[in-house]
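Report on the structure
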Amino acid sequence: MGILRNKWIVSIDDYRRASRKHLPRMISDYLEGGALDEITMRANEEHFDALMLRQRSMVDVTGMDTSTTVLGRSLAMPLMVAPMGMLTIFHPGSDPAVARAAVRAGSIFIHSAWAGCSLEEVAKVAPNNLWAQVAFWKDPEETASYIKRARAVGVDTLVVAGDVGSSSKRERDLHHGLSMPPRPPVADYFNAATRPGWLWRWLTGRKMTYGNYAVNGRPLRMDEMNSWMASNKNPAATWDDFAKLRSEWSGNLVIKGIMDAEDAARAVDEGADGIFISNHGGRQFDAQPATIDVLPSIVEAVGGRAEIYLDGGVRRGHDIVKAVALGARAVLAGRPFAYALATGGEPAVDRAFGILREELKGAMGFVGKASVAELDKTVFANQSHSPVLNGVLL
Ligand SMILES: Cc1cc2nc3c(=O)[nH]c(=O)nc-3n(C[C@H](O)[C@H](O)[C@H](O)COP(=O)(O)O)c2cc1C
C-alpha cells in the first residue's frame, strides 16, 4: 500500500520528505537530526556535493558491472546498510524488513548493538548477509555472551562500535523529551495524533524493546534500557579491548567510527580487517570533518592493509562513485533506508536500494567506467580550488 501511495518518490530525499508525513515530529527529528549544531551532519552531505565529476563522452559502457566484494563476499554494488538502533520506532517491520531488502539487493545488513530486534531474529532472514555490531560493555560478560550468540548464528564479521564511549547531545531530541522511554511535552502528543498510521502501528505492532539484551529471559523494555545503559556503558574501552577481541575472534573484525589516520593505522596494527570511517552521521560529535574529507588520509595511512568503508551523507549514486574512487571499498547508508522504512515499510526499502543502484549506474556511465574496479581519481573534474580534498587530487 505504502509503495502505491508513494509512486512519485524518485530519490532518497523524496523519502526523507515523505517520512516526515508518516512520523510524528519527535520521531522524524530523532531520525533526521544530529549532535549540537549539526555542522558535521550537514558537512557529510555538503562535502560530497562539493566534489564534481568529470563527464567522459563516447565510452562503451555496455555490460555495466556494479558488483564488488567486501572481505571476500560478493556485493551487487558497493553499498551496505549501516547499523541503526531502534528501527522499530519507525516501523514495526524494522530490522528484519530492512535485512530482507538487503538480501534481495545483494547487500549486507549490519545489525546494531542497540537494535530493537534480536540478532537471532535477523539471522533467520539474512543468514548470509549479516554482520553484527558489538559494543564493549562495562561487564565483559555481556560482550562475550553477545559474541557467542553471533558465532552461534553463523556471523563471520563483527563490527566494533568505536565511537560510543562518550555521550552526545542531540538537542532536537532533548526539546522533545525523547529519552528512553519518551516523555514528550503535550504538544508532541497532539502532533502524534496527526499521524494515525504510525500511531496505529505503534499501538498494535510489536512492542518496542531492546531486543538484543535480555532480563530474566525476555527482551529489555525501553523503560529498562536507561538503567541498563547506566550500568553497562563503558567509557574505559581502549585498544587493549580491541586487541583482546582480536585474539579471541577468528572471523573478520571491522572497527566503526574511525575518523583519524593515526587511529586507522593503529587499528590495522591491532589486526582490523576493515576500517569503517564514520562520524555516526553527525549524531555523536559535532566538531569534526565530514567523512569524505578524511578518506584520502586514511587510505594513505592504511596502505592497502585493510578494506576501508565509509558512511555519512551518502544520498546519491554518484556519492558512491566519489567514495569508491577515493579508495573506499564500499559505502554504507543509514538514514536513507530508515526514511524509506518509515515511509513505506519493506517495499520502500527495496525501492531505496533500486534508486541508488540506478543512480550509481548512471554516474558510472557518465564518468566512462563500466566496472567498479575502474573507479579511480580520474573520475574527478579538475578541482584545484576544492575546499574538501585539500589538494589530494592534484
Ligand atoms: C536512527 C539511527 C540510529 C543509529 N543507531 C546506530 C547504532 O545503533 N550503532 C551505530 O554504530 N551507529 C548508529 N547510527 C549511525 C549509523 O550507523 C551511520 O553511521 C549513519 O547513519 C550514517 O550516516 P547517514 O545517516 O547520513 O547515512 C544510527 C543512525 C541513525 C540515523
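Attention here is on the structure that accompanies the text.

Analysis parameters
- Residues numbered from 1 in each chain as written.
- Predicted model: local features only at pLDDT ≥ 70, side-chain atom pairs only at ≥ 80, totals over all residues.
- Heavy atoms only, no water.
- Helix = DSSP H or I, 4+ residues; strand = E, 2+ residues; numbered from the N terminus.
- Rg over C-alpha atoms; globule rule 2.2 N^0.38 Å.
- Buried < 20%, exposed > 50% of the residue type's maximum accessible area, 1.4 Å probe, protein only.
- Contact = heavy atoms within 4.5 Å.
- Lys, Arg positive; Asp, Glu negative; His and termini not counted.
- Charge placed at Lys NZ, Arg CZ, Asp CG, Glu CD.
- Pairing = 2+ DSSP bridges.
- Right-handed = clockwise from strand over helix to strand, strands pointing away.
- Patch = residues over 30% accessible without salt bridge, like charges linked within 9 Å, V, L, I, M, F, W, Y side chains within 5 Å.
- Areas by Shrake-Rupley, 256 points an atom, 1.4 Å probe, with all protein chains shown as cover.
- Salt bridge = Lys/Arg side-chain N within 4 Å of Asp/Glu carboxyl O.
- Axes fitted to C-alpha atoms, helices over the stretch in contact; angles between N-to-C directions.
- Parallel < 35°, antiparallel > 145°, perpendicular 65-115°, else oblique.
- Left-handed = near helix turned anticlockwise from the far one by under 90°.
- Nonpolar A, V, L, I, M, F, W, Y, C, P; charged D, E, K, R; others polar.
- Core = buried A, V, L, I, M, F, W, Y, C linked by side-chain atoms within 4.5 Å.
- Polar contact = N/O pair within 3.5 Å; in protein donor to acceptor, adjacent residues only side chain to side chain.
- Phe/Tyr/Trp six-rings, centres within 6.5 Å; stacked < 30°, edge-to-face > 60°.
- Lys NZ or Arg CZ within 6 Å of the ring centre and 35° of its normal.

Here we take up the overall build of the protein chain. Of the regular secondary structure elements, the protein chain holds 16 helices and twelve strands. On C-alpha atoms alone, the protein chain measures out to a radius of gyration of 20 Å, which is about the 21 Å that the 2.2 N^0.38 rule sets for 394 residues. A total of 394 residues make up the protein chain; the buried ones form 55% of that total. Across the protein chain, every contact between residues at least 6 apart in sequence was considered, and the portion connecting residues at least 24 apart equals 72%. Side chains of the protein chain give 45 positive and 45 negative charges; the mean places of these two sets differ by 6 Å.

The alternating pattern of strand β10 (residues 274-277) places Gly274 and Phe276 and Ile275 and Ile277 on opposite faces, both of which are buried. Inspection of the sheet shows strand β9 (residues 252-258) paired to β10 by four bridges, in the parallel sense. When the sheet's bridge partners are listed, isoleucine 258 is paired in β10 with isoleucine 277. For the crossover from β9 across helix α13 (residues 261-269) to β10, the handedness is right-handed. By the bridge criterion, four bridges tie β10 to strand β11 (residues 307-311) in an arrangement that is parallel. By the bridge assignment, glycine 274 is partnered in β11 with glutamate 307. A crossover connection joins β10 to the parallel β11 through helix α14 (residues 291-302); in handedness this β-α-β unit is right-handed.

Glancing now at a nonpolar patch on the surface. Together, Val186, Tyr189 and Phe190 give the surface a local cluster of nonpolar side chains, amounting to about 380 Å² of exposed area. Relative to the helices and strands, valine 186 resides in helix α9 (residues 186-193). Exposure remark for valine 186: the relative accessible area of 56% places this residue in the exposed category.

We now examine the packing of helix α5 (residues 94-104) against helix α16 (residues 335-366). Interaxial distance between α5 and α16 falls to 8 Å at its minimum, and their mutual angle equals 15 degrees. With respect to each other, α5 and α16 are oriented roughly parallel. The hand of the α5/α16 crossing is right-handed. Where α5 abuts α16, its residues Ser94, Ala97, Val98, Arg100, Ala101, Ala102 and Arg104 lie against Leu341, Glu346, Val349, Asp350 and Phe353. Considered class by class, the residues forming the contact of α5 with α16 number seven nonpolar, one polar and four charged.

This next bit is on the pattern of salt bridges. Following the criterion strictly, the structure yields 26 salt bridges and no others. The partner of aspartate 350 in a salt bridge is arginine 104, and the shortest N-O contact between them spans 3.1 Å. Taken together, the residues aspartate 350 in helix α16 and arginine 104 in helix α5 connect sequence positions 246 residues apart. Looking at aspartate 350, the relative accessible area reads 28%, which means it is partly exposed.

This part takes up the environment of proline 184. Of note, proline 184 is situated in the loop between α8 (171-175) and α9. By relative accessible area, which is 13% here, proline 184 ends up buried. Not counting chain neighbours up to four residues away, the residues in contact with proline 184 comprise Met26, His176, Gly177 and Tyr189.

The biggest cluster of nonpolar side chains holds 110 residues, and the ones touching the most others in it are Phe90, Trp114, Leu158, Ile275 and Phe353. Residue contributions to this core peak at 15 residues, all from α16. Counting 13 residues, the second-largest nonpolar core is a separate cluster that includes Ala82, Val159, Ala330 and Leu332.

This next bit is on the side chain of histidine 176. With respect to the element layout, histidine 176 can be found in the loop between α8 and α9. With relative accessibility at 10%, the residue histidine 176 sits in the buried group. Among the polar contacts made by the side chain of histidine 176, one reaches the side chain of aspartate 29 at a distance of 2.8 Å. What histidine 176 contacts, discounting residues up to four positions off in sequence, is Arg25, Met26, Asp29, Arg183, Pro184, Pro185 and Asp188.

One way to put it is that α13 packs onto α14 with a least axis distance of 8 Å and a crossing angle of 35 degrees. When the axes of α13 and α14 are compared, the crossing they make is right-handed. Here Ala261, Ala264, Ala265 and Val268 of α13 come into contact with α14, specifically with Ser297, Ile298, Ala301 and Val302.

Moving on, we come to the packing of aromatic side chains. Two measures describe an aromatic ring pair: the distance that separates the ring centres and the angle between the ring planes. The final tally for this structure, using the stated rule, is nine aromatic pairs. By the ring-pair criterion, three or more aromatic residues cluster together here, those being Trp114, Trp137, Tyr146, Tyr213 and Trp228. The ring of phenylalanine 276 is capped by lysine 256, whose NZ or CZ atom sits 5.4 Å from the centre of that ring. When the ring centre of tyrosine 30 is taken as reference, the NZ or CZ atom of arginine 283 above it lies at 5.0 Å.

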